[in-house]
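# Observations on the model geometry
Here are the chains, one letter per residue:
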Amino acid sequence: NSKVIQTPRYLVKGQGQKAKMRCIPEKGHPVVFWYQQNKNNEFKFLINFQNQEVLQQIDMTEKRFSAECPSNSPCSLEIQSSEAGDSALYLCASSLSRDWGGTLYFGAGTRLSVL
Amino acid sequence: GDSVTQTEGLVTLTEGLPVMLNCTYQTIYSNPFLFWYVHYLNESPRLLLKSSTDNKRTEHQGFHATLHKSSSSFHLQKSSAQLSDSALYYCALSARNSGTYQRFGTGTKLQVVP
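A brief report on the enclosed structure follows. Throughout this description, residue numbers start from 1 for each chain and increase along the sequence as written. Here the convention is simple: chains get letters from A, ligands get numbers from 1, in the order in which they are written. It should be noted that, the model being predicted, local features are given only for residues of pLDDT at least 70 and side-chain atom pairs only at 80 or more, the latter also being counted only at that level, while totals for whole chains, interfaces and linings use all residues. Note: side-chain values were computed over all heavy atoms of the structure, leaving out hydrogens and water.

### Re the interface of chain B and chain A
Where we set the bar: We call two residues in contact when some of their heavy atoms are within 4.5 Å. For this document, the term salt bridge refers to a Lys or Arg side-chain nitrogen within 4 Å of an Asp or Glu carboxyl oxygen. Polar contact criterion, stated in full: a pair of N or O atoms within 3.5 Å, where within protein one must be able to donate a hydrogen and the other to accept it, and residues adjacent in sequence count only if both atoms are side-chain atoms. By definition, any uninterrupted DSSP run of H or I lasting at least four residues is a helix, any uninterrupted run of E lasting at least two residues is a strand, and each is numbered from the N terminus. For this scheme, ten residues count as nonpolar: Ala, Val, Leu, Ile, Met, Phe, Trp, Tyr, Cys and Pro. Four count as charged, namely Asp, Glu, Lys and Arg, and the remainder, Gly too, count as polar.
Of the residues lining the interface, 21 residues belong to chain B; the matching set on chain A comes to 23 residues. Counting every contact that joins chain B to chain A gives zero salt bridges. The interface formed by chain B and chain A holds eleven residue pairs in polar contact (both at pLDDT 80 or more) in total. Those elements that provide at least two residues to the side of chain B that touches chain A are β5 (32-39), β6 (46-51) and β10 (87-95) of chain B. A per-element tally of the side of chain B that touches chain A places β5(B) first, with five residues. For the side of chain B that touches chain A, the per-class residue count stands at eleven nonpolar, eight polar and two charged.

Here it is, written out as structure tokens:
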């Protein structure tokens, strides 16, 4: 069983509503990633953190998406104004290292449906 | 930029037949790390195997793959498919100096039938 905990498992929002999901990384893992798995099962990288600092993010996340990984609290990903195209499985993963060989440990995901 | 190509979206196999899922990649960096992740329905994706060593076979849970830098490939193989192997399989690439995240292929759904 995964030690990366994501909540909620399911999230239903109307267009224009905020959608927030949370992730507790595996203990001792300082690096956290958010990926979006779309209806075609494609993984799209959104953003990653090392401890509380953003390492990298794609353009999409700079506009409607916000994310943080505060100290001693779950990481979160929030969509400020949901759109139908945001409906997807959002996967959080953590890693021991930001090195290029580091294994990703995934949570079970939050499935967002935007009606 | 870096990319991963998985040419088969769906592979349907009869139990007992060999499995081969294709993965090729593009990167300008000479020392890539390649990964295979497996995603079973209603479970978390998890690592199946990984490698950064050229021409060395890597094995785990009956699956194996060999990184061939000359052909930029990292195909996943298994000698005999089992019903329980039915899942989504993703190939991923990470390269030093090429960003801080792994780039995934589009995935291959493996369906093993009796």
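### Details of the packing of aromatic side chains
Quick reminder of the rule: The rule is short: rings of Phe, Tyr and Trp, with Trp giving its six-membered ring, pair when the centres are within 6.5 Å, and they are stacked under 30 degrees, edge-to-face over 60, tilted in between. Relative accessibility decides the category of a residue: with a 1.4 Å probe and only protein chains considered, values under 20% of the type maximum give buried, values over 50% give exposed, and everything between is partly exposed.
The final tally for this structure, using the stated rule, is 16 aromatic pairs over all chains. When the centroid spacing of 5.8 Å and the interplanar angle of 70° are considered together, the rings of Y35(A) and F45(A) count as edge-to-face. One end of the pair, Y35(A), is in strand β4 (residues 31-37); the other, F45(A), is in strand β5 (residues 43-50), and ten residues separate them in sequence. Accessibility expressed as a relative area gives 1% for Y35(A), which makes it buried. Overall, the relative accessible area of 5% leaves F45(A) in the buried class. Here F106(A) and Y37(B) contribute two aromatic rings whose centre-to-centre distance is 5.7 Å and whose plane-to-plane angle is 90°, an arrangement assigned as edge-to-face. With F106(A) in strand β10 (residues 105-106) and Y37(B) in strand β5, this pair bridges two chains. Considered together, F106(A) and Y37(B) belong to a single accessibility category, that of buried residues.

### Here we look at the state of the cysteines
Heads up, the condition is: In what follows, a disulfide is any cysteine sulfur pair within 2.5 Å.
Under the defined criterion, the tally for this structure stands at three disulfides over all chains. Here C69(A) pairs with C75(A) through a disulfide, and the sulfurs are 2.0 Å apart. The chirality of the disulfide connecting C69(A) with C75(A) is right-handed, given an S-S dihedral of about 110°. Across the pair, C75(A) and C69(A) agree in class, each one buried. The disulfide bridge from C23(B) ends at C91(B), spanning 1.9 Å between sulfur atoms. When the S-S torsion is -60°, as for the bridge of C23(B) with C91(B), the disulfide is left-handed. Taken together, the positions of C23(B) in the loop between β3 (19-21) and β4 (24-26) and C91(B) in strand β10 put the pair 68 residues apart, joining distant regions of the chain. By relative accessible area, C23(B) is classed as buried at 0%.

### Here we look at the environment of Q6(B)
All names here are of chain B. Considering the arrangement of structural elements, one finds Q6 in the loop between β1 (3-5) and β2 (10-14). The class for Q6 is buried, based on a relative accessible area of 5%. Spatially, the C-alpha atom of Q6 lies 12 Å from that of L88, the residues being 82 residues apart in sequence. The residues touching Q6, leaving out its near neighbours within four places in the chain, are N22, W36, Y89, Y90, C91, G105, T106, G107 and T108. A distance of 3.1 Å separates a polar side-chain atom of Q6 from the backbone nitrogen of G107. At 3.4 Å, the side chain of Q6 forms a polar contact with the side chain of T108.

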